[in-house]
Amino acid sequence: MARTISEQQVIDSASFKVLADPNRSLLVHRLGESAKSAKQLAAEMDCPITRLYYHLKLLQSHGLIFVERTRKVSGIFEKYYRASARAFVIDRNTDGQEDPARSQALLAFVFDQTRHDISNGLRSGRIDSGKLPPEVGALMAYRTVMKLSPAQAQELYSKLLALYREYDALAKAPGETGDFYALVASAYPTTAQQAAPGPKPRMRARPAAE
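This one's a predicted model, so the numbers in the text were calculated from it and none came from an experiment.

As a further point, take the packing of aromatic side chains. A full pass over the atoms with the stated rule returns 1 aromatic pair. Here phenylalanine 16 and phenylalanine 109 contribute two aromatic rings whose centre-to-centre distance is 4.8 Å and whose plane-to-plane angle is 55 degrees, an arrangement assigned as tilted. A residue pair is termed long-range when its members are at least 10 positions apart, and phenylalanine 16 in helix 1 (residues 13-20) and phenylalanine 109 in helix 5 (residues 100-124) qualify at 93 residues. Above the face of the tyrosine 80 ring, arginine 69 is positioned so that its terminal group lies 4.3 Å from the ring centre.

Spelled out as structure tokens, the structure:
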């Protein structure tokens, strides 16, 4: 009997840390829709097959992928791997106590992967450093700190969550044409305090043209 792929799988902080590695995250993504062999994955990712075996073994040991079937090729059994779910979420902490392992795994998954992805995009030219938002192909990366009332903070959370959910729905049902883009949304109470009202620096992808 064929194994059913979960739409969503809750995983612990240790498994989330494993998934935070950009190479392993890409492997799981490529195994989300169909089973593939290590040979197929190596060709798609343009990397030596020997480099993938460690990652595949680690992902399998944490229940993030599984062997869907095997095929005998030239006397050798070739494994075909499949992601165990279409989406993974970290187990939420409900006892009110801070779990450093959980928070660090979450930060690594979101921000370390983002830094790695953007660095590769700039290095390869996939991200056009000569463009500014809202031009397609530009890097849009902003950070600011603001003082909000409870109502304003609630509005910020709601808007960002709605935006994420809108595009996450597209991510789960990609079209036949188009290009891949990444979206990172973040809002949180900060310990940073603005010293006094007035202008403050804003981080941008690059300075605006004069």
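Don't stop here, the text continues.
Moving on to the packing of helix 1 against helix 2 (residues 22-30). The contact between helix 1 and helix 2 brings their axes to 5 Å, and the two run at 95 degrees. As summarised for this structure, helix 1 and helix 2 are arranged roughly perpendicular, according to the angle between their axes. Residue-level contacts link Val18, Leu19 and Ala20 of helix 1 to Pro22, Arg24, Ser25 and Val28 of helix 2. In terms of residue class, the contact of helix 1 with helix 2 is made up of 5 nonpolar, 1 polar and 1 charged.

It is worth spelling out the packing of helix 3 (residues 38-45) against helix 4 (residues 49-61) at this point. Across the interface, helix 3 lies against helix 4 with an axial gap of 9 Å and an inter-helix angle of 115 degrees. Regarding helix 3 and helix 4, the two cross each other, and that crossing is right-handed. Side by side, helix 3 and helix 4 meet where Ala38, Lys39, Leu41, Ala42 and Met45 of the first sit next to Ile49, Leu52, Tyr53 and Leu56 of the second. When grouped by side-chain class, the residues that make up the contact of helix 3 with helix 4 number 8 nonpolar, no polar and 1 charged.

Across the sheet, 3 strands lie side by side as 2-4-3; this open sheet has antiparallel pairing. The outermost strands of the open sheet, each flanked by one partner alone, are strand 2 (36-37) and strand 3 (65-73). In the sheet, strand 3 pairs with strand 4 (residues 76-83) via 8 bridges, with the strands oriented antiparallel. When the bridges of strand 4 are listed, isoleucine 65 appears paired with alanine 83. Against the sheet, helix 4 contacts strand 3 and strand 4, and its axis sits at roughly 130 degrees relative to strand 3.

The subject of this paragraph is the pairing of strand 4. Bridge analysis of strand 2 against strand 4 gives 2 bridges, and the strand direction is antiparallel. Within strand 4, the position partnered with lysine 36 by the bridge is tyrosine 81.

The set of residues buried in helix 2 consists of Arg24, Ser25, Leu27 and Val28. Down the axis of helix 2, the buried set is contained in an arc of 160 degrees. They therefore lie on one face. With a side-chain oxygen lying 2.9 Å from the backbone nitrogen of asparagine 23, the N-terminal cap of helix 2 falls on aspartate 21.

Attention shifts here to the pattern of salt bridges. Per the counting criterion, the structure on display carries 10 salt bridges. Salt-bridge contacts for glutamate 44 lead to arginine 30; the nearest nitrogen and oxygen are separated by 3.2 Å. Note that glutamate 44 is positioned in helix 3 and arginine 30 in helix 2, a separation of 14 residues in sequence. Exposure remark for glutamate 44: the relative accessible area of 35% places this residue in the partly exposed category. When its relative accessible area of 27% is taken as the criterion, arginine 30 is described as partly exposed. In this structure, glutamate 68 and arginine 82 form a salt bridge, with 3.2 Å as the shortest nitrogen-oxygen distance. Taken together, the residues span a long stretch of sequence, with glutamate 68 in strand 3 and arginine 82 in strand 4 at a distance of 14 residues. A relative accessible area of 36% places glutamate 68 in the partly exposed class.

Moving on: the environment of phenylalanine 88. Tracing the backbone shows phenylalanine 88 in strand 5 (residues 88-90). Beyond its immediate sequence surroundings of up to four residues, phenylalanine 88 is in contact with Gln9, Ile11, Phe16, Leu19, Val28 and Leu64.

Moving on, we come to the environment of alanine 14. Positionally, alanine 14 belongs in helix 1. Since its relative accessible area comes to 39%, alanine 14 is described here as partly exposed. The spacing of alanine 14 and isoleucine 90 is 76 residues in sequence and 9.5 Å in space, taken between C-alpha atoms.

The rules behind each value
- Residues numbered from 1 in each chain as written.
- Predicted model: local features only at pLDDT ≥ 70, side-chain atom pairs only at ≥ 80, totals over all residues.
- Heavy atoms only, no water.
- Phe/Tyr/Trp six-rings, centres within 6.5 Å; stacked < 30°, edge-to-face > 60°.
- Helix = DSSP H or I, 4+ residues; strand = E, 2+ residues; numbered from the N terminus.
- Lys NZ or Arg CZ within 6 Å of the ring centre and 35° of its normal.
- Axes fitted to C-alpha atoms, helices over the stretch in contact; angles between N-to-C directions.
- Parallel < 35°, antiparallel > 145°, perpendicular 65-115°, else oblique.
- Contact = heavy atoms within 4.5 Å.
- Nonpolar A, V, L, I, M, F, W, Y, C, P; charged D, E, K, R; others polar.
- Left-handed = near helix turned anticlockwise from the far one by under 90°.
- Pairing = 2+ DSSP bridges.
- Buried < 20%, exposed > 50% of the residue type's maximum accessible area, 1.4 Å probe, protein only.
- Arc of directions from axis to C-beta.
- Polar contact = N/O pair within 3.5 Å; in protein donor to acceptor, adjacent residues only side chain to side chain.
- Salt bridge = Lys/Arg side-chain N within 4 Å of Asp/Glu carboxyl O.

Note that every value here comes from positions in space, so none of it alone points to a role or purpose.
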